[in-house]
Amino acid sequence: MRVVFAGTPEFAAVALRQLLDAGHTVALVLTQPDRPAGRGLKLQPSPVKQVALAHGIPVMQPRSLRLEGKYPEEAAEAQAALMACAPQVMVVAAYGLILPRWTLTLPPLGCLNIHASLLPRWRGAAPIHRAIEAGDRETGITLMQMDEGLDTGPMLRKAALAIAPEDTTASLHDRLADLGGRLLCKVLDEAAAGPLSP
């Protein structure tokens, strides 16, 4: 499968590594711009960018993908790059930007989002923290077809994960990241064999 991958933190980097290990072609990576970090506040690449560079994958870091937004030149450059690499699907995991309509409709298989909760519970940001704080006994991964809303597209697949009493947001994050990558690879294998349906 020819993939464009959009993600930023370690949660997304785990899925990107699993995609590569499974033999998918990642033609382009989109990630957030480098941010200051550490004692010296030096610019640091995101975990996703680090994985991409280690594998020789082209990286773009537009501040926006909205063609009529605050950074139209960056959005237009990203659009041209996406069209040139002709992905079959775009995978999104904790990217940090809202995708405009043109991105959602560009790949033939659309955009698939790896969300770290069993939707509809805990839509939006920080679903892992919310599940721990609420005392949930179960969470999981939802792989969904993205639309223009926030976590509102059709749910394609879910995988549940028990929350142990000793789980922290960090330990749950790591288990969910691994589960998300595995579920993504399974769904992409299904997509290669025929149309996906909820």
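First things first, this report covers the structure right here in the doc. (Residues numbered from 1 in each chain as written. Predicted model: local features only at pLDDT ≥ 70, side-chain atom pairs only at ≥ 80, totals over all residues. Heavy atoms only, no water.)

1. Comments concerning the overall build of the protein chain
If you tally the helices and strands in the protein chain, you get 6 helices and 9 strands. Relative to the globule expectation of 16 Å for 198 residues, the C-alpha radius of gyration of the protein chain, 16 Å, shows essentially globular dimensions. With the principal axes as the frame, the protein chain shows a C-alpha extent of 50 × 50 × 30 Å. Buried positions account for 46% of the 198 residues belonging to the protein chain. For the protein chain, the accessible area works out to roughly 9,700 Å², and carbon and sulfur atoms hold 55% of it. Of the side chains in the protein chain, 19 bear a positive and 19 a negative charge, and the two mean positions are spaced by 2 Å. (Helix = DSSP H or I, 4+ residues; strand = E, 2+ residues; numbered from the N terminus. Rg over C-alpha atoms; globule rule 2.2 N^0.38 Å. Buried < 20%, exposed > 50% of the residue type's maximum accessible area, 1.4 Å probe, protein only. Areas by Shrake-Rupley, 256 points an atom, 1.4 Å probe, with all protein chains shown as cover. Lys, Arg positive; Asp, Glu negative; His and termini not counted. Charge placed at Lys NZ, Arg CZ, Asp CG, Glu CD.)

2. Here we look at the sheet that holds strand E7 (residues 111-115)
Strand order in the open sheet made by the 7 strands is E5-E2-E1-E6-E7-E8-E9, with mixed pairing throughout. If you trace the sheet from one side to the other, it starts and ends with strand E5 (59-60) and strand E9 (155-162), each paired once. Pairing analysis gives 3 bridges linking strand E6 (residues 89-93) to E7, with the strands arranged parallel. Paired with valine 91 across the two strands is leucine 112, which belongs to E7. Across the sheet, helix H3 (residues 72-85) is in contact with strand E1 (2-7), strand E2 (25-30), E5 and E6; its angle to E2 comes to roughly 175°. Lying on the sheet, helix H6 (residues 169-193) is in contact with E1, E6, E7, strand E8 (138-145) and E9; it crosses E9 at an angle near 145°. (Pairing = 2+ DSSP bridges. Contact = heavy atoms within 4.5 Å. Axes fitted to C-alpha atoms, helices over the stretch in contact; angles between N-to-C directions.)

3. Some thoughts on the nonpolar core
With 39 residues, the main nonpolar core has Phe5 and Ile114 as its most contacted residues. Excluding anything up to four places from it in sequence, isoleucine 114 contacts Phe11, Ala15, Val91, Val92, Ala93, Ile141, Thr142, Leu143, Gly180 and Leu184. One finds Val4, Leu28, Met60 and Cys111 within the second-largest nonpolar core, a separate group that totals 17 residues. (Core = buried A, V, L, I, M, F, W, Y, C linked by side-chain atoms within 4.5 Å.)

4. Re H6
Counted at 1.5 Å a residue, the expected span for H6 with its 25 residues is 36 Å, and the 36 Å between its end C-alpha atoms agrees. Looking only at H6, the buried set comprises Leu172, Leu176, Ala177, Leu179, Gly180, Gly181, Leu183, Leu184, Cys185, Val187, Leu188 and Ala191. (Expected span 1.5 Å × (residues − 1).)

5. Some points on the pattern of salt bridges
The final tally for this structure, using the stated rule, is 7 salt bridges. A salt bridge links arginine 121 to aspartate 136, with the nearest nitrogen and oxygen atoms 2.8 Å apart. With a gap of 15 residues between them, arginine 121 in the loop between E7 and helix H5 (127-133) and aspartate 136 in the loop between H5 and E8 connect regions that are remote in the sequence. By relative accessible area, arginine 121 is classed as partly exposed at 41%. On the basis of relative accessible area, aspartate 136 is assigned to the buried category, the value being 14%. Its salt-bridge partner being arginine 157, residue glutamate 190 comes within 2.7 Å of it at the nearest N-O pair. On the criterion of sequence distance, the pair formed by glutamate 190 in helix H6 and arginine 157 in strand E9 is long-range, its members being 33 residues apart. You can call glutamate 190 partly exposed: its relative accessible area is 26%. Overall, the relative accessible area of 24% leaves arginine 157 in the partly exposed class. (Salt bridge = Lys/Arg side-chain N within 4 Å of Asp/Glu carboxyl O.)

6. Digging into the packing of helix H1 (residues 10-21) against helix H2 (residues 47-54)
Put simply, H1 and H2 touch, their axes get as near as 7 Å, and they point 25° apart. Put simply, H1 runs roughly parallel to H2. Judged by residue contacts, Glu10, Ala12, Ala13, Leu16, Arg17 and Leu20 of H1 engage Pro47, Val48, Val51 and Ala52 from H2. Here the residues of the contact of H1 with H2 sort into 8 nonpolar, no polar and 2 charged. (Parallel < 35°, antiparallel > 145°, perpendicular 65-115°, else oblique. Nonpolar A, V, L, I, M, F, W, Y, C, P; charged D, E, K, R; others polar.)

7. Observations regarding the layout of surface pockets
Taken as a whole, the largest pocket encloses approximately 720 Å³ of empty space. Together, 32 residues line the largest pocket, and Ala94, Tyr95, Asn113, His115 and Gly124 are the ones closest to its centre. The class makeup of the residues in the lining of the largest pocket is 19 nonpolar, 10 polar and 3 charged. (1 Å grid on protein atoms, 1.4 Å probe; cavity = no way out; pocket = protein on both sides within 12 Å on 5 of 7 lines; lining within 4 Å. Points joined across faces, edges and corners; volume = space filled by probe spheres on them.)

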